[in-house]
Amino acid sequence: MMIKVENLSKNFGGVVAVNNCSLEIKKGTITGLIGPNGAGKTTLFNVIAGLYAPTSGKVFLEGKDITGLAPHELFHLGVLRTFQIAHEFSNMSVLENLLMVPGEQSGEKIWNALFARKKIALEEKKLREKAYEVLDFLQIKHLAHEPAGNLSGGQKKLLELGRTMMVDAKIVFLDEVGAGVNRTLLNTIGDAIMRLKEERGYTFCMIEHDMQFIGRLCDPVIVMAEGKKLAVGTAQEVMKNEKVIESYLGRGSKIKKQG
């Protein structure tokens, strides 16, 4: 098991955003996380990723208790999170954005900068080679020297995915990777996610409203409502689940495939 959440709650004053929620994310899967607005999906992501401390409950990574660890600590354990709005360094090139990612680089230490220049040069060469490999994998190598701020919304989402590849993440939490992305680029992003899972053993958990995208990539799909896990199954199973339909649109309605 990659991630296990046990009886997790997060309160903001009198508002209960996540309510005694328990769920599991299996290693090597692309798990979808869906639910109506206000279901607690993003708050759950933020607690797991260390942006918020839980009010109660536990989070485990491969059996290790990671509850309350800070984002930078989780980063070094291979737990990464992307955001609905991409967080690129807009004035730096796409390539430079990737080179910024790996932590504890030798060149960051003054002593090494003065007396270990060969070591720094070799490390930078390897990082640059890896960055170009990532760009090639994501089919945006032609944008290597373009300022990241000039990219389209979909290209910025690809860049965020590329940043996770620079550190060989164990699990990546994707927050609405499809938001504002045209269908062609969304297919490219989906292909990259599938390849990372199948070829490199990545584990993903993604919040997404595009059910067509969810249906293509995710198995299982976890449905949240009112801060709790409501249902789990394949995309087809949860879209037919009466409790899920009622939670989304009210009794007697059907969930429409978006896209």
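Our structure's up above, just so we're on the same page.
If you're wondering where the values come from, they're calculated on a predicted model, not measured in any experiment.

Quick look at the overall build of the protein chain
Line of reasoning, step 1. The helix and strand inventory of the protein chain stands at 10 helices and 10 strands.
Line of reasoning, step 2. The buried share of the protein chain, taken over its 259 residues, is 48%.
Line of reasoning, step 3. Pairs at least 24 residues apart make up 68% of the contacts formed inside the protein chain by residues separated by at least 6 positions.

Observations regarding helix α1 (residues 41–48)
Line of reasoning, step 1. Counted residue by residue, α1 has 7 buried out of 8 residues, so it is predominantly covered.
Line of reasoning, step 2. When α1 is considered as a whole, its buried residues turn out to be Lys 41, Thr 43, Leu 44, Phe 45, Asn 46, Val 47 and Ile 48.
Line of reasoning, step 3. Following α1 by one or two positions, Gly 50 has its phi on the positive side, about 85°.

Overview of the pattern of salt bridges
Line of reasoning, step 1. Under the defined criterion, the tally for this structure stands at 11 salt bridges.
Line of reasoning, step 2. Overlapping salt bridges, with partners in common, bring together Lys 27, Glu 62 and Lys 170 in one network.

Here's the deal with the sheet that holds strand β7 (residues 171–175)
Line of reasoning, step 1. Within the open sheet, the 6 strands sit side by side as β6-β7-β8-β3-β9-β10. Their pairing is mixed. At either end of the open sheet lies a strand with only one pairing partner, and these are β6 (79–81) and β10 (228–233). Neighbour-to-neighbour, the strand axes of the sheet open up by a mean angle of 20°, direction not taken into account.
Line of reasoning, step 2. Pairing between β7 and strand β8 (residues 203–207): 5 bridges, direction parallel. Across the sheet, residue Phe 173 finds its bridge partner in β8, namely Cys 205.

Things to note about a nonpolar patch on the surface
Line of reasoning, step 1. The grouping of Phe 12, Val 15, Leu 51 and Tyr 52 at the surface amounts to a nonpolar patch, some 350 Å² of accessible area in total.
Line of reasoning, step 2. By the element assignment, Val 15 lies in strand β2 (residues 15–25).
Line of reasoning, step 3. Given the relative accessible area of 53%, Val 15 is considered exposed.

What about empty space enclosed by the protein?
Line of reasoning, step 1. Within this structure, the stated rule accounts for 1 cavity of 30 Å³ or more.
Line of reasoning, step 2. Of the volumes computed, that of the largest cavity is approximately 30 Å³.
Line of reasoning, step 3. Along its surface, the largest cavity is lined by Val 47, Ile 48, Gly 50, Pro 54, Val 59, Ile 66, Thr 67, Gly 68, Leu 69 and Leu 74.
Line of reasoning, step 4. Looking at the lining of the largest cavity residue by residue, the class counts come to 7 nonpolar, 3 polar and no charged.

Digging into the nonpolar core
Line of reasoning, step 1. By size, the foremost hydrophobic cluster in this structure holds 50 residues, and its most contacted members are Leu 138, Leu 161, Ile 193, Phe 204, Met 206 and Ile 214.
Line of reasoning, step 2. With 6 residues, helix α7 (residues 183–200) is the single largest residue contributor to this core.
Line of reasoning, step 3. In this structure, Met 206 is in contact with Ile 30, Thr 31, Gly 32, Leu 33, Phe 45, Leu 174, Val 177, Phe 213, Ile 214, Leu 217 and Cys 218, ignoring residues within four places of it in sequence.
Line of reasoning, step 4. Among the nonpolar cores identified, the runner-up in size contains 25 residues, and Cys 21, Phe 45, Val 79 and Ile 222 belong to it.

Thoughts on the packing of aromatic side chains
Line of reasoning, step 1. For the structure on display, the rule yields 3 aromatic pairs.
Line of reasoning, step 2. For the pair Phe 45 and Phe 173, a centre-to-centre distance of 5.0 Å together with 75° between the ring planes defines the contact as edge-to-face. With Phe 45 in helix α1 and Phe 173 in strand β7, this residue pair connects regions lying 128 residues apart in the sequence. In terms of burial, Phe 45 and Phe 173 fall into one category: buried.
Line of reasoning, step 3. Here the basic side chain of Lys 10 rests over the ring of Phe 12, its NZ or CZ set 5.2 Å away from the ring centre.
Line of reasoning, step 4. The ring of Phe 137 carries Arg 195 above its face, with NZ or CZ at 4.0 Å from the centroid.

Thresholds, definitions, all that
Residues numbered from 1 in each chain as written. Predicted model: local features only at pLDDT ≥ 70, side-chain atom pairs only at ≥ 80, totals over all residues. Heavy atoms only, no water. Helix = DSSP H or I, 4+ residues; strand = E, 2+ residues; numbered from the N terminus. Buried < 20%, exposed > 50% of the residue type's maximum accessible area, 1.4 Å probe, protein only. Contact = heavy atoms within 4.5 Å. Salt bridge = Lys/Arg side-chain N within 4 Å of Asp/Glu carboxyl O. Pairing = 2+ DSSP bridges. Axes fitted to C-alpha atoms, helices over the stretch in contact; angles between N-to-C directions. Patch = residues over 30% accessible without salt bridge, like charges linked within 9 Å, V, L, I, M, F, W, Y side chains within 5 Å. Areas by Shrake-Rupley, 256 points an atom, 1.4 Å probe, with all protein chains shown as cover. 1 Å grid on protein atoms, 1.4 Å probe; cavity = no way out; pocket = protein on both sides within 12 Å on 5 of 7 lines; lining within 4 Å. Points joined across faces, edges and corners; volume = space filled by probe spheres on them. Nonpolar A, V, L, I, M, F, W, Y, C, P; charged D, E, K, R; others polar. Core = buried A, V, L, I, M, F, W, Y, C linked by side-chain atoms within 4.5 Å. Phe/Tyr/Trp six-rings, centres within 6.5 Å; stacked < 30°, edge-to-face > 60°. Lys NZ or Arg CZ within 6 Å of the ring centre and 35° of its normal.

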